[in-house]
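For reference, the chains in residue letters:
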Amino acid sequence: MHGIVNRGLQLFLIEGYGEDFWRELAVSSDQECGFEALLLYDDEVTRALMSAAARRLNCTRAEIWEGFGAFLTRSHHTASFWALLRFGGRDFTSFLASLEDVPGQIQLALPDFYLPPLKVLEPSPGRFELHCGAGLWGLGSIATGLLRAVAQDYQTAAQVELQNTGAQAEVVCITVPQTARANSVKQAGEAAPHG
């Protein structure tokens, strides 16, 4: 796991549960010194940390990943990442459409960080699927938490659920209400130049 993810988890856990919680967790996971953002760590280090945190918080690892996804949109520690994502669209549906570009954008900033491909489909009006490629443990849950927070930020009452946690790909299903889609079309029309 890339150190930037582990460092982000560390900051999320400190911000959400306090320094004492992190210190106890770090000692139990043999990570007393914390994580360096630019180093690579064995996936087992991250799994052990997540398992210990889930036990202490009495929740699942997926719930922690979802919380981490939301954290990416609201913490001052991740402001530059969030600013990069916000360039993706002026409303929630255009933001969804921009997600396929994110792995390439991240690759430019962090060449040794692999974010699996993301594919956005719209199988029916207002129903979207984000297909997260394999290769980054927890990505579907992170995307679920992030998209719920982004929908709130765009003031869109979207339903976001992780549907498939298979080994090859995870699918996040997003349902956008008709009113949000109508407002999106209206905003696009208002922004169009008049001739």
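Here is what the cut-offs are and how they apply
Residues numbered from 1 in each chain as written. Predicted model: local features only at pLDDT ≥ 70, side-chain atom pairs only at ≥ 80, totals over all residues. Heavy atoms only, no water. Core = buried A, V, L, I, M, F, W, Y, C linked by side-chain atoms within 4.5 Å. Buried < 20%, exposed > 50% of the residue type's maximum accessible area, 1.4 Å probe, protein only. Helix = DSSP H or I, 4+ residues; strand = E, 2+ residues; numbered from the N terminus. Contact = heavy atoms within 4.5 Å. Pairing = 2+ DSSP bridges. Polar contact = N/O pair within 3.5 Å; in protein donor to acceptor, adjacent residues only side chain to side chain. 1 Å grid on protein atoms, 1.4 Å probe; cavity = no way out; pocket = protein on both sides within 12 Å on 5 of 7 lines; lining within 4 Å. Points joined across faces, edges and corners; volume = space filled by probe spheres on them. Nonpolar A, V, L, I, M, F, W, Y, C, P; charged D, E, K, R; others polar.

## A closer look at the nonpolar core
Okay, step 1: If you look at the biggest cluster of nonpolar residues, it comprises 53 residues, and the most contacted ones within it are Phe92, Phe95, Leu130, Leu147 and Ile174.
Okay, step 2: Considering each element in turn, this core owes the most residues, seven residues, to helix α8 (residues 139-153).
Okay, step 3: Discounting chain neighbours no more than four positions away, the residues touching Leu130 are Leu99, Leu118, Lys119, Val120, Ala143, Leu147, Glu170, Val171, Val172 and Ile174.

## Observations concerning the pairing of strand β2 (residues 127-133)
Okay, step 1: Buried residues dominate β2, accounting for five of its seven residues.
Okay, step 2: Bridge count between strand β1 (residues 118-124) and β2: five bridges; the pairing is antiparallel. If you follow Leu121 over to β2, its bridge partner there is Glu129.
Okay, step 3: With seven bridges connecting them, β2 and strand β4 (residues 169-175) associate as antiparallel partners.

## Describing the side chain of Glu129
Okay, step 1: Tracing the backbone shows Glu129 in strand β2.
Okay, step 2: Within polar-contact distance, the side chain of Glu129 engages the side chain of Arg127 at 3.1 Å.
Okay, step 3: Within the structure, Glu129 has its side chain in polar contact with the side chain of His131 (distance 2.9 Å).
Okay, step 4: Dropping the residues within four chain positions of it, Glu129 is found in contact with Lys119, Val120, Leu121, Pro123, Val171, Val172 and Cys173.

## Topic: the layout of surface pockets
Okay, step 1: Volume-wise, the largest pocket comes out at about 700 Å³.
Okay, step 2: Ile4, Leu72, Phe81, Ile106 and Phe113 are the residues nearest the centre of the largest pocket, which is lined by 29 residues in total.
Okay, step 3: Of all the secondary-structure elements, those providing two or more residues to the lining of the largest pocket are α1 (3-17), α4 (61-74), α5 (79-86), α7 (102-109) and α8.
Okay, step 4: Its residues assigned to classes, the lining of the largest pocket comprises 24 nonpolar, four polar and one charged.

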